[in-house]
Amino acid sequence: MTGTDKKADFYIGDIPIHGRLILAPMDGLSDMVFRRITRQLGSAYSVSEFINTLDFMYSKVYQRKRLFFHEDERPFVAQILDNDPVRMAENAAYIQERFKPDMIDVNLGCPARTVSGRGAGCALMKSPELVKQIFEQVCKVVTIPVTAKIRLGWDDNSMNYMEIASIAVERGAKAVAMHARTKKMAFGKTVRWEHIATLKKAMPVPVIGNGEVRSVADAKRMFEETGCDAVMIGRAAKANPWIFSWRDREQVAVEEVFYLARYQLRQMLEVNPENAIMPFRKYLKAYLEPYNLPRDEMKTLLTAREPERLFALIDAVHERLIAEEN
Ligand SMILES: Cc1cc2nc3c(=O)[nH]c(=O)nc-3n(C[C@H](O)[C@H](O)[C@H](O)COP(=O)(O)O)c2cc1C
């Protein structure tokens, strides 16, 4: 469905978007299984973990795996990260042709030193001319919408999000997601949503607000305070993917949490039988944290290596918590 779909909440280019909460791309967390879970719970579309296009075309399998997605995740967005306009365009064209995502997102927000140190991620915000070339080149070679994910700027003295977003949009970007912190603010406590409101007022394309949305009330407040078209949620989703159904963790029954944990583990084992347990632990820890399990019990769960044993341990904790509830 394109163009005339009446039920869409908004459009990115000609792509109808259903829903206004979106799982943020998270390296090491937003894998296909977790993205599908959040999509089923209501996240409006899926964004890949960043694809470093420095050596993507010739790269190791793990980079390519980041572009595997399920049809039911569509719209699916492939996020690219680099600082070379020609290479980014070549890779964007290749990714569109080979993997058929619905959109390409350009990462201008990553604060990691290994990334910004080589001029990519948030460091791009210090080079408006380069941003111009990147969007010009990438938008020229792909036929799907291109979007930008930015921060406020590099630091308090260079909050140039308006300039960067305008450059991206003038060169063809169809939406801008903004994490309301500077690079220097990293993931600190301060978050400046008022700038999302400023950007929204000025942009002719959808603006997606991001940063420190931890609860349903936070999401509602971000909509109210900024007028943004959608809210992107990252870290809070790890312990509460139900947030995409507008539910806080306190509203989610023990039964549902354990059902989801088992389902996720089964899916992860199916996708990657050799290496599912380790990455699953991050979610399991987050799912179980609210129950304040005894430290030894948590440790046993988080060090189990065999799937059968882990399932059995999960069942045992589940049964105990249910018994305690009754
Ligand atoms: C572990 C982790 C990995 C991340 N990886 C990416 C990434 O690959 N691409 C990206 O654009 N942002 C990435 N981010 C940033 C998030 O998308 C988001 O902008 C940030 O976490 C702020 O949102 P939150 O406060 O809801 O977590 C990552 C964040 C975290 C915590």
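Everything below is about the structure shown above.
Attention here is on the structure that accompanies the text. (Residues numbered from 1 in each chain as written. Predicted model: local features only at pLDDT ≥ 70, side-chain atom pairs only at ≥ 80, totals over all residues. Heavy atoms only, no water.)

Side chains Val207 and Gly209 project from strand E10 (residues 207-210) onto one buried face, and the interleaved Ile208 and Asn210 project onto a second face that is buried too. For strand E9 (residues 173-179) and E10, the ladder comprises four bridges, and the chain directions are parallel. Bridging from a neighbouring strand, methionine 178 pairs with glycine 209 of E10. Handedness of the crossover joining E9 and E10 through helix H7 (residues 194-202): right-handed. Inspection of the sheet shows E10 paired to strand E11 (residues 230-233) by three bridges, in the parallel sense. Residue pairing in the sheet places asparagine 210 in a bridge with methionine 232 of E11. As a crossover connection, the stretch from E10 through helix H8 (residues 216-226) into E11 is right-handed. (Buried < 20%, exposed > 50% of the residue type's maximum accessible area, 1.4 Å probe, protein only. Helix = DSSP H or I, 4+ residues; strand = E, 2+ residues; numbered from the N terminus. Pairing = 2+ DSSP bridges. Right-handed = clockwise from strand over helix to strand, strands pointing away.)

Before going further, it helps to spend a moment on the environment of glutamate 250. As for its position among the elements, glutamate 250 is in the loop between helix H9 (235-239) and helix H10 (254-271). By relative accessible area, which is 70% here, glutamate 250 ends up exposed. Sequence separation between glutamate 250 and asparagine 240 is ten residues; the distance between their C-alpha atoms is 9.6 Å.

Taken as a whole and judged by the stated rule, the model has seven aromatic pairs. Aromatic side chains phenylalanine 56 and tyrosine 94 sit 6.2 Å apart centroid to centroid with 65° between the ring planes, which places their arrangement in the edge-to-face category. Here the residue phenylalanine 56 occupies a position in the loop between strand E5 (51-52) and helix H2 (61-65), and tyrosine 94 occupies one in helix H3 (residues 85-99), the gap between them amounting to 38 residues. Judged by its relative accessible area of 24%, tyrosine 94 is partly exposed. (Phe/Tyr/Trp six-rings, centres within 6.5 Å; stacked < 30°, edge-to-face > 60°.)

Evaluated as defined, the whole model comprises one cavity of 30 Å³ or more. In this structure, the largest cavity encloses a volume near 90 Å³. The wall of the largest cavity is formed by 16 residues, among which Tyr45, Asp105, Thr147, Ala177 and Met232 lie closest to the centre. At the level of elements, strand E6 (76-81), strand E7 (103-108), strand E8 (146-151) and E9 are the ones that each hand at least two residues to the lining of the largest cavity. Of the residues assigned to the lining of the largest cavity, the class counts are twelve nonpolar, two polar and two charged. (1 Å grid on protein atoms, 1.4 Å probe; cavity = no way out; pocket = protein on both sides within 12 Å on 5 of 7 lines; lining within 4 Å. Points joined across faces, edges and corners; volume = space filled by probe spheres on them. Nonpolar A, V, L, I, M, F, W, Y, C, P; charged D, E, K, R; others polar.)

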